[in-house]
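A closer look at the structure
In case you want the letters, here they are:
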Amino acid sequence: MHFKTFDSHTYIQRRQVLKSTFGSGLILLMGNHESPINFRDNTYRFRQDSTFLYYFGLDVAGLAAIIDIDSGSERIFGTDLTIDDIVWTGPLPTLSEMAHTIGVYKTSAYGKIEIILSSAIASNRPIHFLPPYRYDNMIRLSEWLHIPINKLADHSSISLIKSIVRQRAIKEACEIDEIHRAANITANMHEAAMNFALPGMKEYELVSVVHQEALKGGGDLSFATILTVNGETLHNHFHGNTIKEGQMILCDAGAETNMHYAGDMTCTFPVGRTFTQKQKDIYEIVLNTHEAAVGNLKPGITYKEIYLKACENIFSGLKDIGITKGNPAEAVHEGAHAMFFQCGLGHMLGLDVHDMEDLGEQYVGYSDKMVKSTQFGMKSLRLGRTLETGFVLTVEPGIYFIPTLIDMWRSEGKFKDFIDYEKLDQYRDFSGIRVEEDFVITKTGSALLGRSLPKTISEIEEVRSKVFM
Ligand code: GLY
Ligand code: MN
């Protein structure tokens with residue numbers, strides 16, 4: 001097999017658990033198809049759907065599966081290669097051979113799906129499917145199920161989403177091992193950037209060494225690398241700047257293993273040997289906030305509580321240097337901290353870097369009792385719910401000085417009692433700092449996944465100084 005799977009019992013057991021949570025009907029799980037870049041045969045790197053990987057493990061384009069809950073049968077649909085394909089791709093196992101390796105003994109040609117679904121529709125059997133995110137799968141579902149494309153998400157199965165989230169949120173030991181492996185490859189990526197950067201280089205030169213480490217790990221990137229001297233732009237994918245002494249690099253990058261489990265870390269380091277005093281002041285606030293948040297991780301606490309405490313810590317730290325004023329808890333309640341911390345504190349991590357985000361943030365990161373906030377800042381908190389043993393998540397506080405936001409709030413006179421705009425103006429070109437690591441929630445607290453990166457100011461400056469020798 002040209003891809004790696006867990007032992008067949010892992011998949012059999014996962015499907016058994018899924019089936020046991022349902023009353024009746026069919027579960028239709030869509031695999032992904034090849035996706036053209038600029039003409040049909042020039043495709044993007046193939047990425048299988050994560051839920052399909054979770055239950056069926058087959059890392060091959062053009063598959064789908066139907067689980068019949070009433071009969072318990074499981075069937076995979078696909079297309080065996082002909083000699084016309086094999087001359088281009090080389091020989092591959094047949095669909096049936098692949099399916100056997102993950103404990104599925106019924107396979108059919110892809111075209112058979114439509115017939116099975118039509119007969120289920122004719123006999124009024126429920127068909128459970130997930131909200132599609134790939135446009136080609138939207139077209140297929142729309143045609144098979146006779147639902148307009150823009151209504152597919154409304155017709156997707158909330159009970160299926162909830163069952164899958166419940167299962168995928170608690171990582172099995174074999175998954176934690178894979179995420180740990182991904183996080184170690186991710187650590188290699190960050191160390192490569194820190195050990196390579198010199199003033200005068202282009203950001204894209206650093207991006208290339210970061211990507212190389214992901215490839216060397218046997219997988220690839222878990223998301224498009226963010227590497228920039230303008231770290232205040234949260235998802236900055238522009239890599240054309242020349243890096244200069246006095247600036248900082250914010251590198252947010254991650255690997256996924258050859259089994260598609262993700263790592264996701266962020267480091268911020270000076271282009272030169274050392275941070276400036278101003279940079280050190282802000283870095284310390286972020287690092288202290290990070291350490292405090294990590295110290296709070298344990299089952300039973302909500303991530304929203306940890307986030308709110310982190311927001312207060314950021315606000316208090318900035319108060320010590322005169323950028324903010326007033327009561328930190330009040331400021332956070334009003335949303336004033338979002339001038340500096342516009343995003344959330346972290347997200348679930350697993351087969352997706354934002355694990356299961358395609359299933360809906362409300363279901364993955366919140367609960368029936370906790371609805372996602374709409375307040376600027378807090379609305380970007382992807383994970384708020386009570387933590388459970390076996391969750392894997394990121395902790396990634398940051399401080400970002402965004403000139404457009406500063407100008408906007410200042411001109412509106414917003415939060416004048418909490419923000420000293422005169423002092424803040426001295427930081428408008430500062431950029432941003434983020435520190436991010438990956439953790440599994442244990443029975444009593446948490447454990448770091450992947451080895452620790454240089455994180456304190458002295459650790460980072462020591463690494464950076466050696467690069468100039
Ligand atoms: N590492 C990118 C993100 O968490 O959004
Ligand atoms: Mn992240």
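Conventions used here
Residues numbered from 1 in each chain as written. Chains lettered and ligands numbered in written order. Predicted model: local features only at pLDDT ≥ 70, side-chain atom pairs only at ≥ 80, totals over all residues. Heavy atoms only, no water. Helix = DSSP H or I, 4+ residues; strand = E, 2+ residues; numbered from the N terminus. Rg over C-alpha atoms; globule rule 2.2 N^0.38 Å. Areas by Shrake-Rupley, 256 points an atom, 1.4 Å probe, with all protein chains shown as cover. Lys, Arg positive; Asp, Glu negative; His and termini not counted. Charge placed at Lys NZ, Arg CZ, Asp CG, Glu CD. Donors = N, O, S within 2.8 Å, 3.2 Å for Na, K, Ca; no water. Buried < 20%, exposed > 50% of the residue type's maximum accessible area, 1.4 Å probe, protein only. 1 Å grid on protein atoms, 1.4 Å probe; cavity = no way out; pocket = protein on both sides within 12 Å on 5 of 7 lines; lining within 4 Å. Points joined across faces, edges and corners; volume = space filled by probe spheres on them. Nonpolar A, V, L, I, M, F, W, Y, C, P; charged D, E, K, R; others polar. Pairing = 2+ DSSP bridges. Axes fitted to C-alpha atoms, helices over the stretch in contact; angles between N-to-C directions. Contact = heavy atoms within 4.5 Å. Core = buried A, V, L, I, M, F, W, Y, C linked by side-chain atoms within 4.5 Å. Near = heavy atom within 4 Å. Polar contact = N/O pair within 3.5 Å; in protein donor to acceptor, adjacent residues only side chain to side chain. Sits in = over half its atoms within 2 Å of the grid points. Patch = residues over 30% accessible without salt bridge, like charges linked within 9 Å, V, L, I, M, F, W, Y side chains within 5 Å. Salt bridge = Lys/Arg side-chain N within 4 Å of Asp/Glu carboxyl O. Phe/Tyr/Trp six-rings, centres within 6.5 Å; stacked < 30°, edge-to-face > 60°. Lys NZ or Arg CZ within 6 Å of the ring centre and 35° of its normal.

1. Quick word on the overall build of the protein
- The number of helices and strands found in the protein is 17 helices and 17 strands.
- The globule rule puts the C-alpha radius of gyration for 469 residues at 23 Å, and the 24 Å found for the protein is close to it.
- Each principal axis of the C-alpha distribution contributes one length, and for the protein these read about 70 × 50 × 45 Å.
- When the accessible surface of the protein is split by element, carbon and sulfur atoms take 53% of a total near 19,700 Å².
- In the protein, which carries 46 positive and 59 negative side-chain charges, the distance between the mean positions of the two groups comes to 2 Å.

2. Brief notes about the coordination of the manganese ion (ligand 2)
- The manganese ion (ligand 2) binds to the protein through Asp264 (OD), His347 (NE2), Glu396 (OE) and Glu436 (OE), with metal-donor distances spanning 2.1 to 2.3 Å.
- Look at where the donors of the manganese ion (ligand 2) fall in the sequence and you get D-x82-H-x48-E-x39-E. Separated by 132 residues along the polypeptide, Asp264 in the loop between strand E11 (255-256) and strand E12 (265-270) and Glu396 in the loop between strand E13 (392-395) and strand E14 (398-400) bring together distant segments of the chain.
- Residue classification places Asp264 among the buried positions, given a relative accessible area of 3%.

3. Points about empty space enclosed by the protein
- In the structure shown here, the tally under the stated rule is 4 cavities of 30 Å³ or more.
- Taken as a whole, the largest cavity holds about 150 Å³ of empty space.
- Lining the largest cavity are 13 residues, and of these Met30, Asp49, Leu130, Pro131 and Tyr133 sit closest to its centre.
- Listed by contribution, the elements that provide at least two residues to the lining of the largest cavity are strand E1 (26-30) and helix H6 (135-145).
- For the lining of the largest cavity, the element with the most residues is E1, which contributes 3 residues.
- Taken together, the residues that form the lining of the largest cavity break down as 8 nonpolar, 2 polar and 3 charged.
- Each pocket or cavity is described by its volume, and for the second largest cavity that value is around 90 Å³.
- Among the secondary structure elements, those contributing two or more residues to the lining of the second largest cavity are helix H1 (8-20) and helix H2 (50-56).
- Partitioning the lining of the second largest cavity into residue classes produces 8 nonpolar, 4 polar and 3 charged.

4. Let's talk about the sheet that holds strand E16 (residues 437-441)
- Ordered in space as E13-E16-E17, the 3 strands form an open sheet in which the pairing is antiparallel. Only two strands of the sheet have a single neighbouring strand rather than two, namely E13 and strand E17 (446-449). Strand after strand, the sheet turns through a mean of 40° between neighbouring axes, direction not considered.
- In this sheet, E16 lies alongside E13 in antiparallel orientation, the contact comprising 4 bridges. The residue bridging Val392 from the neighbouring strand is Val440, located in E16.
- Strand contacts of helix H11 (residues 277-296): E13, E16 and E17, with the helix running at about 155° to E13, the strand carrying the most contacts.

5. Quick word on the nonpolar core
- In this structure, Phe56, Tyr303, Leu345, Leu387 and Phe401 are the most contacted members of the largest nonpolar core, which totals 131 residues.
- For Leu345, the contacting residues outside a window of four places in its chain are Ala293, Tyr303, Ile306, Tyr307, Ala310, Leu381, Thr394, Val395, Glu396 and Pro397.
- In terms of nonpolar packing, the next biggest core, distinct from the first, is built from 19 residues, Ile113, Leu117, Ala120 and Met138 among them.

6. As for the layout of surface pockets
- Within this model, the largest pocket holds a volume of roughly 1,100 Å³.
- For the largest pocket, the lining is made up of 32 residues, of which Glu34, Ala61, Gly62, Leu81 and Thr89 are closest to its centre.
- Those elements that place two or more of their residues in the lining of the largest pocket are helix H3 (83-89) and helix H4 (95-101).
- Looking at which element gives the most residues to the lining of the largest pocket, the answer is H3, with 5 residues.
- Here the residues of the lining of the largest pocket are counted per class, giving 14 nonpolar, 10 polar and 8 charged.
- The space that makes up the second largest pocket amounts to roughly 980 Å³.
- Along its surface, the second largest pocket is lined by 38 residues, and Ser222, Phe223, Ala224, Val353 and His354 are the ones closest to its centre.
- Here the lining of the second largest pocket is built from residues that sort into 11 nonpolar, 12 polar and 15 charged.

7. Looking at the site of ligand 1
- Every residue close to ligand 1 is listed here: Phe223, His235, Asp252, Asp264, His347, His354 and Glu396.
- Note that an oxygen atom of ligand 1 is positioned 2.9 Å from one of the side-chain N or O atoms of His347.
- A distance of 2.8 Å is found between an oxygen atom of ligand 1 and a side-chain nitrogen or oxygen belonging to His354.
- Coverage of ligand 1 by the protein chains reaches 95% of its 200 Å² of free accessible surface.
- Judged by its atoms lying within 2 Å of the grid points, ligand 1 is housed in the second largest pocket.

8. Observations concerning a nonpolar patch on the surface
- Nonpolar side chains collect at one region of the surface, where Ile83, Val87 and Trp88 lie side by side and expose about 450 Å² of accessible area between them.
- Checked against the element boundaries, Ile83 lands in helix H3.

9. Structural notes on the pattern of salt bridges
- Considering all chains together, one arrives at 33 salt bridges under this definition.
- The partner of Glu178 in a salt bridge is Arg181, with the nearest N and O atoms 3.1 Å apart. Of this pair, Glu178 and Arg181 both sit in helix H9 (residues 173-194), 3 residues apart, roughly one helical turn.
- Residues Arg382 and Glu357 are paired through a salt bridge, measuring 3.2 Å at the closest nitrogen-oxygen approach.

10. Points about the packing of aromatic side chains
- Applying the stated rule across the entire model yields 15 aromatic pairs.
- Centre to centre, the rings of Tyr307 and Phe341 are 5.9 Å apart; their planes meet at 40°, and the pair counts as tilted. In this pair, Tyr307 is assigned in helix H12 (residues 303-320) and Phe341 in the loop between helix H13 (328-334) and helix H14 (361-365), connecting sequence segments 34 residues apart.
- The class of Phe341 is buried, set by a relative accessible area of 0%.
- In this structure, Lys278 is placed above the aromatic ring of Tyr427, and the distance from its NZ or CZ to the ring centre is 4.6 Å.

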